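# An overview of the molecular structure
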Amino acid sequence: LRVSHLDSSQMNIARGLSLPPRPGKRVASIAIPVGLEFVLILGLGLVNQIVVGGLGDTAVAAVGFANALNLIPMFALNAIGLAAGVVVARAYGGGHRHLVNTSTSSAIVLAVSLALIISIPFVLFPDSILRFAGASETVTGAGSLYLALILVSLPAVTVGQVLGGVLRSVDHPRSPMVATIISVVVNTPLAIIFVYGWGPIPAFGGVGAGIATLVSHIVKAVILLFQTYWLFDIADWHLPSSAKNWMRILTPILTLALPLALTSLAWTSGNFFYNVVVQQLGDGPLAAVQVVSAVAPVFIVGSLGLSTVAPPESQLFFNVS
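Residues numbered from 1 in each chain as written. Predicted model: local features only at pLDDT ≥ 70, side-chain atom pairs only at ≥ 80, totals over all residues. Heavy atoms only, no water.

Turning our attention to the overall build of the chain. From N to C terminus, the chain includes 12 helices and 0 strands. Reading the chain from its N end, one meets helices and strands in the order α-α-α-α-α-α-α-α-α-α-α-α. When each of the 321 residues of the chain is scored for burial, the buried share is 51%. Across the chain, contacts joining residues at least 24 apart in sequence account for 81% of those joining residues at least 6 apart. (Helix = DSSP H or I, 4+ residues; strand = E, 2+ residues; numbered from the N terminus. Buried < 20%, exposed > 50% of the residue type's maximum accessible area, 1.4 Å probe, protein only. Contact = heavy atoms within 4.5 Å.)

Right, here's the structure in full:
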């Protein structure tokens, strides 16, 4: 073995022979910020539900139905961010700056490309998609433009997912949380202003919540780009130079991402079809279910932070080669 800046205790940790000092504190330092971030991400949808609550059952049902539909591609594409985090952790731990650069940039290009492809039909035909999904005519009328707007933000969401995974993997778990907090702070007053109007700004109704969501996702993506490429200098923008290199970089990312994406698809699709069934009872019952569905996951997804502990800790292993 070639050892780079590791003492005997670190080598034992890398080989799995002992735990790092105060492992509970180490796990908490990564898992708690990430768990809070996931809670805040779902909190964006909850804020929109609360804000549009004053518009009536149909508006609440429409926003919730569109959000449930949006979660399917959003959580599936999040798998690319998780996979990129693992790959970047390996490269970062091994001191391979060029591989960190190409892996990060390639993952962003892949995620944004898929997001654009997925979002196009939702943006062009939101009415048809909502009707096909089982929405009532009133929910379709109130939610089609909102659905189009939140899907327009999908590329920005995927940038945030990839860079969030990268930052967490290089031991900056609080940075994505900070970006998410800022986006929530931005989203809340904007949603109120655009939904109900303020001064010269007219009231857009439920569509206003979609405008606020789009702005907040763009703000978050910009903050994460700033953190990754300038503030912490984690990576430089560098794409693979040939098709062969593209395959070499993307193969491990896709290999890790595919099973995660399929798992997310199964969970989010099942949740969405539950909404489709409830819609048959009317807009009122659907609105009630949407409020509950928006609140309940906020208390569940906090544990997801534990799943992100392994990639940052794997850096130590990859310092032994």
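So, about the side chain of Ser-153. Turning to its location among the elements, Ser-153 is positioned in the loop between α6 (137-152) and α7 (154-169). A relative accessible area of 1% means that Ser-153 is categorised as buried. Polar contacts involving the side chain of Ser-153 include one to the main-chain carbonyl oxygen of Ile-150, which spans 2.5 Å. (Polar contact = N/O pair within 3.5 Å; in protein donor to acceptor, adjacent residues only side chain to side chain.)

Before going further, it helps to examine unusual backbone geometry. In this structure, Asp-171 takes a positive phi of about 70 degrees despite not being glycine. By secondary structure assignment, the location of Asp-171 is in the loop between α7 and α8 (174-196). In this structure, Asp-233 is a non-glycine residue whose phi angle is positive, near 50 degrees. Along the chain, Asp-233 turns up in the loop between α9 (206-231) and α10 (243-279). Classification of Asp-233 as partly exposed rests on a relative accessible area of 40%.

The subject of this paragraph is the nonpolar core. If you look at the biggest cluster of nonpolar residues, it comprises 70 residues, and the most contacted ones within it are Phe-65, Leu-69, Ile-80, Leu-147, Val-162 and Phe-272. With 20 residues, the top contributor of residues to this core is helix α3 (residues 57-93). (Core = buried A, V, L, I, M, F, W, Y, C linked by side-chain atoms within 4.5 Å.)

If you walk through the whole model with that rule in mind, you get 3 salt bridges. Note that Arg-97 is salt-bridged to Asp-236, the shortest N-O span being 3.2 Å. Within this pair, whereas Arg-97 is found in helix α4 (residues 97-124), its partner Asp-236 is found in the loop between α9 and α10, the two being separated by 139 residues in sequence. Owing to a relative accessible area of 33%, Arg-97 belongs among the partly exposed residues under this scheme. Across the pair Glu-137 and Arg-131 runs a salt bridge whose closest N-O atoms are separated by 3.1 Å. On the accessibility criterion, Glu-137 (52% relative accessible area) is exposed. One salt-bridge network, held together by shared partners, links Arg-97, Asp-233 and Asp-236. (Salt bridge = Lys/Arg side-chain N within 4 Å of Asp/Glu carboxyl O.)

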